[in-house]
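Descriptive analysis of the structure
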Amino acid sequence: MKIPYKLFIPLVFLFVSCGGDSTDTETTDEATVPTKNGGVFRMSIGSFFKCVHVNEVQKHEESQVYWQIFEGLVKYNSETLKIEPSLAKSWEISPDGLIYTFVLRDSVFFHDNACFKDGKGRLVTSEDVLYSFQQIYDPKPTNTSYSIFKNTIKGGNQFHDGEAQEIEGIKINGNEITFELEKPSLAFIQKLASVFGSIIAKEATEAAEFIPVGTGPFFYDSKNSTSSKIRLANNKNYYGKDEEGNKLPYLDSTVFVYFENSDDQMDLFWDGSLSYVSKVPITKISEVLEEKINDFESKPPKYILISEPELTTTYLELNMQTPILKNVKVRQALNLAIDREKLVSKILKNQAYEIGKFGLVPPLPKIFEAYDFEGVEDVSYTFNSARAKELLAEAGYPDGKNFPTLEMQFKAGSTDYLIASEIQNQLRSVLNINIDIEAIEFNDLLENKAMGNADIFRTNWVGDYTSAEAFLANAYGKFVPKSKKEPSYLNSSRYQNPEFDKLFELGANELDPKLANKYFSDAEKLLMQDAAFIILWYNEDLSLKQAALRDFGTNSIGYIDLKKVFFRTPTAEEFASK
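Attention here is on the structure that accompanies the text. Worth saying up front: this structure is predicted, and the values here are computed from it rather than measured. Throughout this document, residue positions are counted from 1 along each chain, in the order its sequence is written. Note on the predicted model: pLDDT of at least 70 is required for a residue's local features to be given, and 80 or more for side-chain atom pairs to be given and counted; whole-chain, interface and lining totals, by contrast, use all residues. Derived side-chain values reflect all non-hydrogen atoms in the structure, with water molecules and hydrogen atoms excluded from consideration.

Thoughts on the nonpolar core
To qualify as a nonpolar core, a set must consist of buried Ala, Val, Leu, Ile, Met, Phe, Trp, Tyr and Cys residues joined through side-chain atoms within 4.5 Å. Whether a residue is buried, partly exposed or exposed follows from its accessible area with a 1.4 Å probe, protein chains only, as a fraction of its type maximum: under 20%, in between, or over 50%, in that order. In terms of nonpolar packing, the biggest core is built from 106 residues, with Tyr 66, Phe 133, Phe 179 and Leu 527 touching the most fellow members. Only DSSP runs of H or I with at least four residues qualify as helices, and only runs of E with at least two residues qualify as strands; both kinds are numbered from the N terminus onward. By residue number, the principal contributor to this core is helix α18 (residues 513-530), which donates five residues. In contact with Phe 133, not counting residues within four places along its chain, are Phe 149, Ile 153, Ile 167, Ile 170, Phe 179, Leu 192 and Ile 199. Listed in part, the 40 residues of the second largest apolar core include Ala 352, Ile 423, Leu 536 and Trp 537. What makes two residues a contact is simply this: any of their non-hydrogen atoms within 4.5 Å.

Structure, rendered in structure tokens:
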């Protein structure tokens, strides 16, 4: 079996230098503009924004906004995804992988905010780290961060369950913080770099009206922000400096904008009003690759186009609480009845790097070393209408007779509707069953998923960290609450299989990456045989940058770090040899 890395996109241009926002800064050539300061970075997001507590984040775009406001002990490098210092200036790990000791930076302050005395941000201390992790293990039903850190820090589960007043595995001593883990975890340091590892202030978290207050390079400008336009302003008190000793960030502000019609963002990008578009709408691909091609090929280019495999899987979650979906033959029949090749070519215009035939974990061997993708593929699903009909008949519904109508919910949007309609048509054509489809505003969709308020949900899952654990956690049975009335945020399908859980835990606690991936891939084989999910495709969206946008790193998980971003118009000399 050969893992395909074919690009379906016929023309892709990825240059070393970055792209621009000509309307916000008057830029000339590099020789006459030595400064990196100033300018406004603007990008689009896919839904309305809500100010939620860090431990309630559910959307990837919320993470992208909060990464600019909050910081954790460590951070990602935005190009390599290697772990780098952030609020911790150094750390040590014990030989057995159980003890992590971090040393905090000196003189780091929270943003100025009315929640503090005299409105002035106070010094960050190790007590703030302790408080932040108490929030991670907070027992409130809306806490999404607990699923990430459950079974990780010693005593964390007991604190969450009300069996302990303190988290046993966290100790503070001056500017040092020590974590003792329940078991070794390769992913622990990466989890600290996720948005859930952010260090927060008690005063802001417990204020009557919550406003996100962190230590990051930008602060939330509440007076100039709405649910559809989020403005983050330059934090003049930020401690960070560049290699030459210049203060960071360079930008005056950053703005995230939501467009109900995703096509509208393109006109704004072409005229320079948007600095970056993370996902080109399918309806605009021909415009990008054909009509605007000269703007990408010119030297210097006006725009820069990027296409690279993402750590993102698009799939359908089957609600395991729906009576008919408890029948594994029904779930397998649904899996076999969907023509993924047709979805990718007809609806996505080939904007994906592979159909969903390898399971939840994206088929990227360079990231998931020694992962048995071939074995997972052997028990996964591709289109087979004859076998789908046989299985449905074996389940007691020959030719779809007496099969109940199921409800599928998806994020509101033109492209998402086209995909849902195609799936609806395919299931009707192959199995003679009816699926009602409904477009739901994204924030409401997330709550419906958590509460199981439909039978099928379309999901785009972006890995929070570069481990198979970040994907397979969606099927970990111990994340499912005991009561059906409680939300299940991570494992929202409420799939449970003790054998899967055992293998998942072995992988999560293994320090040898190759052996960990063996356990994870064995777990995924069970998951695919149980057919709790219908894997559709693995994402490779086209993204666009203005050519004057510099030091804007891109990566497979969509991590954004804007503190060193600046604008400078490119010159022909820069691209002479490209």
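There's more to say after this.
Observations regarding the pairing of strand β6 (residues 170-173)
Here β6 pairs with strand β7 (residues 176-180) via four bridges, running antiparallel. Bridging across to β7, Lys 171 finds its partner in Thr 178. A pair of strands counts as paired when DSSP detects no fewer than two bridges linking them. Two successive antiparallel strands, β6 and β7, enclose a turn made up of two residues, where Gly 174 displays a positive phi of approximately 65 degrees.

A word on the packing of helix α17 (residues 498-508) against α18
One can describe the packing of α17 onto α18 by two numbers: an axis separation of 7 Å at closest approach and a directional angle of 160 degrees. Here α17 is positioned roughly antiparallel relative to α18, judged by the angle of their axes. Crossing handedness for the pair α17 and α18: left-handed. Every residue of α18 that contacts α17 at Glu 499, Phe 500, Leu 503, Phe 504, Leu 506, Gly 507 and Ala 508 is listed here: Ala 516, Tyr 519, Phe 520, Asp 522, Ala 523, Glu 524, Leu 526 and Leu 527. Lines fitted to C-alpha atoms define the axes here, with helix axes fitted over just the stretch in contact, and angles between the N-to-C directions of these axes take values from 0 to 180 degrees. Reported orientations rely on four angle classes, namely roughly parallel under 35 degrees, roughly antiparallel over 145, roughly perpendicular from 65 to 115, and oblique for the rest. Crossing handedness follows the turn of the near helix against the far one: under a right angle anticlockwise gives a left-handed crossing, and clockwise gives a right-handed one.

A word on the sheet that holds β7
Judged by pairing direction, the sheet is antiparallel, and its four strands sit side by side in the order β4-β5-β7-β6 without closing on themselves. Only two strands of the sheet have a single neighbouring strand rather than two, namely β4 (88-93) and β6. Recorded for the sheet is a direction-independent mean angle of 20 degrees between the axes of neighbouring strands. Bridge count for strand β5 (residues 99-104) against β7 is five bridges, and the pairing is antiparallel. Its bridge partner being in β7, Thr 101 is matched across the sheet by Thr 178.

Let's talk about α18
The span you would expect from a helix comes to 1.5 Å times its residue count less one. Between its first and last C-alpha, α18 extends 26 Å over 18 residues, near the 26 Å set by a 1.5 Å rise per residue. Taken as a whole, α18 has its buried residues at Ala 516, Asn 517, Phe 520, Ser 521, Ala 523, Glu 524, Lys 525, Leu 527 and Met 528. Buried residues in α18 make contact with α12 (373-378), α16 (469-472), α17 and β18 (533-539). Pairing of N or O atoms within 3.5 Å defines a polar contact, subject to two protein rules: one partner must be a possible hydrogen donor and the other a possible acceptor, and residues neighboring in sequence count only if both atoms are side-chain atoms. Of the residues flanking the start of α18, the one acting as N-cap is Asp 512, its side-chain oxygen 3.0 Å from the backbone nitrogen of Lys 514. Downstream of α18 by a residue or two, Ala 531 has a phi angle that is positive, lying close to 55 degrees.

Details of the sheet that holds strand β13 (residues 312-318)
Strand order in the open sheet formed by six strands is β14-β18-β13-β17-β15-β16, and the pairing between neighbours is mixed. Edge positions in the open sheet fall to β14 (352-355) and β16 (435-440), since each of these has one partner strand only. Going from strand to strand, the sheet's axes swing by 25 degrees on average, the running direction of each strand aside. As paired strands, β13 and strand β17 (residues 456-462) are joined by seven bridges and run antiparallel to one another. Following the sheet pairing, Glu 317 is matched in β17 by Phe 457. Sheet strands touched by helix α11 (residues 340-347): β14 and β18. Its angle to β18, the strand with the most contacts, is close to 40 degrees.

Side note on the state of the cysteines
What makes a disulfide is a covalent bond joining the sulfur atoms belonging to two cysteines. Two cysteine sulfurs form a disulfide in these notes if their separation is within 2.5 Å. Taken as a whole and judged by the stated rule, the model has zero disulfides. Considering cysteine sulfurs only, Cys 115 is the nearest to Cys 51, which forms no disulfide, with 13 Å between them. What makes Cys 51 partly exposed here is its relative accessible area of 31%.

Re the pairing of β17
Taking burial as the measure, the seven residues of β17 include six buried ones, the bulk of the element. The pairing of strand β15 (residues 406-411) with β17 spans two bridges and is classified as parallel. Considered in β17, the bridge of Gln 409 is made with Phe 457.

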